[in-house]
Amino acid sequence: MLYVKKGVDVYITGSNSYLLSSKLATLLSGRYIEIKMLPFSFKEYVEVKQSADKDKLFAEYMRQGSFPYVATMRDGEEKIDSYIEGIYNTVIVKDIEERQNRKEKDPAKRKITDIALLKNIAKYLASVIGSPVSVKKITDYIVSAGRKVSQNTVDDYIETLTEAFIYYPVERYDISGKQILKQNVKYYVVDLGLRRYLLPKREYDLGYSLENLVYLELIRRGYNVTVGKVGTTEVDFVARKNEVTQYIQVSASLTDEKTFDREMFSLRAIKDNYPKTILTLDKFTLGNYEGIEVQSAIDWFLKD
């Protein structure tokens, strides 16, 4: 076998339909390192675009998404939309169905039998990124639309979407009690262009889109990420790496006084001395406020 020879590395790539992480231990007897891939970071996107106008590029990055091929396309949004639609249909329909067929030969025993329901749940999760959500809440939404479905079924379908790396679940963490909270996780989508495809012609919150990008960048940089709970308020992200913790708030703008006070209040409620940062797109509130650093989100994305 090549993988036991000195000086030889073997890299295996494959579709989500078969080579998911849960399969690797069995297939390779545990002798492997899993490398999780994400779409382009903003820094990588800028390097491909080769433009100095970082504000314009960031607006494109948020709207068109971060799939590598999208960054090279110059033929307009219609072609980009067609490409993203192809990715979505390939992952949702082809990969997930094939994976089910391989895992369970008996159709009666397959968990994912209704692709329409799977797409409906994917669309709902796209509409609530950055908001705490429960399986019960999703089930109630589907039932209210006239569809009978159990919480167990919805849970299976959500698990499939996360196993396919379309959504990333983030647990909530009680900072004072130092424990993980089991209820109401948050979900973030792997690409904002994919979210725009799922929610066409919809006005959705800029802050949540920015929050989504910050989450992806944190895991790209190797952080373990949870959502922080401080009393009755929340901190968007508690990021840990190498025994160091950072607290990060995300806000599209802090120019409104109430928004500024709200974002500061959550961080000030934390009594330890780990770094506390607010990332924003506005350029008027940057600075240090009694140890809380307000930084340009765009500059933060471009840091090494």
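Throughout what follows, the structure given in this document is the object of discussion. Values in this document were obtained by computation on a predicted structure and should not be read as measured data.

1. Re the overall build of the protein
Now for step 1: Within the protein one finds 12 helices and 8 strands.
Now for step 2: Every one of the 304 residues in the protein was classed for burial, and the buried ones make up 44%.
Now for step 3: Counting only carbon and sulfur atoms, one obtains 50% of the accessible surface of the protein, whose full area is about 16900 Å².

2. Some words on a nonpolar patch on the surface
Now for step 1: On the surface, a cluster of nonpolar side chains totalling about 580 Å² of accessible area is made up of Tyr11, Ile33, Ile35 and Met37.
Now for step 2: Relative to the helices and strands, Ile35 is located in the loop between helix H1 (21-28) and helix H2 (42-49).
Now for step 3: Classification of Ile35 as exposed rests on a relative accessible area of 54%.

3. Remarks on the pattern of salt bridges
Now for step 1: Under the criterion given, the structure shown has 13 salt bridges.
Now for step 2: Between Lys186 and Glu234 there is a salt bridge; the shortest N-O distance is 3.2 Å. Remark: Glu234 occurs in strand S4 (residues 233-241) and Lys186 occurs in strand S2 (residues 179-189); sequence separation between them is 48 residues.
Now for step 3: Exposure remark for Glu234: the relative accessible area of 24% places this residue in the partly exposed category.
Now for step 4: By sharing partners, the salt bridges in this structure join Arg172, Lys186 and Glu234 into a single network.

4. Re the packing of aromatic side chains
Now for step 1: Following the criterion strictly, the structure yields 15 aromatic pairs and no others.
Now for step 2: For the ring pair Tyr188 and Tyr215, a centre distance of 5.0 Å and an interplane angle of 20 degrees mean the geometry is stacked. Pair noted here: Tyr188 is in strand S2 and Tyr215 is in helix H10 (residues 206-220), with a separation of 27 residues, a long-range link.
Now for step 3: On the basis of relative accessibility, which here comes to 6%, the residue Tyr215 falls in the buried class.
Now for step 4: Cluster of aromatic residues (ring-pair linked, three or more members): Phe42, Tyr45, Phe58, Tyr61, Trp300 and Phe301.
Now for step 5: Here the guanidinium or amino end of Arg221 rests over the ring plane of Trp300, the centre of that ring lying 4.3 Å away.

5. Focus: helix H11 (residues 257-268)
Now for step 1: Here H11 is 12 residues long and its end C-alpha atoms lie 16 Å apart, about the 16 Å a rise of 1.5 Å per residue gives.
Now for step 2: Those residues of H11 lying buried are Thr259, Phe260, Glu263, Met264, Ser266 and Leu267. Viewed end-on, H11 has its buried residues packed into an arc of 160 degrees, placing them on one side of the element. Turned more than 90 degrees from where H11 packs its buried face, Glu257, Lys258 and Phe265 sit exposed.
Now for step 3: The inward-facing, buried residues of H11 contact strand S3 (224-230), S4, strand S5 (244-251), strand S6 (276-280), strand S7 (287-289) and strand S8 (292-296).
Now for step 4: One side-chain oxygen at the N-terminal end of H11 lies 3.2 Å from the backbone nitrogen of Lys258; it belongs to Asp256.

6. Here we look at unusual backbone geometry
Now for step 1: Notably, Gln50 is not glycine yet its phi reads approximately 55 degrees, a positive angle.
Now for step 2: Mapped onto the elements, Gln50 comes out in the loop between H2 and helix H3 (54-64).
Now for step 3: Residue class for Gln50 comes out exposed when judged on its relative accessible area of 71%.
Now for step 4: Positive phi is not limited to glycine here, since Asn242 has a value of about 55 degrees.
Now for step 5: Within the secondary structure layout, Asn242 lies in the loop between S4 and S5.
Now for step 6: Take Asn242: its relative accessible area is 70%, and that puts it in the exposed class.

7. A short note on the packing of H2 against H3
Packed helices, taken two at a time, are described by the angle between their axes plus the distance between the axes.
Now for step 1: Viewed as axis vectors pointing N to C, H2 and H3 meet at an angle of 115 degrees, and their least axial separation amounts to 10 Å. On the basis of their axis angle, the class for H2 and H3 is roughly perpendicular. Helix-helix and strand crossings are classified by hand; for H2 and H3 the assignment is right-handed. Along the contact surface, H2 presents Phe42, Tyr45, Val46 and Lys49, while H3 presents Lys54, Leu57, Phe58, Glu60, Tyr61 and Gln64.
Now for step 2: Class assignment for the residues of the contact of H2 with H3 results in 6 nonpolar, 1 polar and 3 charged.

The rules behind these values
Residues numbered from 1 in each chain as written. Predicted model: local features only at pLDDT ≥ 70, side-chain atom pairs only at ≥ 80, totals over all residues. Heavy atoms only, no water. Helix = DSSP H or I, 4+ residues; strand = E, 2+ residues; numbered from the N terminus. Buried < 20%, exposed > 50% of the residue type's maximum accessible area, 1.4 Å probe, protein only. Areas by Shrake-Rupley, 256 points an atom, 1.4 Å probe, with all protein chains shown as cover. Patch = residues over 30% accessible without salt bridge, like charges linked within 9 Å, V, L, I, M, F, W, Y side chains within 5 Å. Salt bridge = Lys/Arg side-chain N within 4 Å of Asp/Glu carboxyl O. Phe/Tyr/Trp six-rings, centres within 6.5 Å; stacked < 30°, edge-to-face > 60°. Lys NZ or Arg CZ within 6 Å of the ring centre and 35° of its normal. Expected span 1.5 Å × (residues − 1). Arc of directions from axis to C-beta. Contact = heavy atoms within 4.5 Å. Polar contact = N/O pair within 3.5 Å; in protein donor to acceptor, adjacent residues only side chain to side chain. Axes fitted to C-alpha atoms, helices over the stretch in contact; angles between N-to-C directions. Parallel < 35°, antiparallel > 145°, perpendicular 65-115°, else oblique. Left-handed = near helix turned anticlockwise from the far one by under 90°. Nonpolar A, V, L, I, M, F, W, Y, C, P; charged D, E, K, R; others polar.

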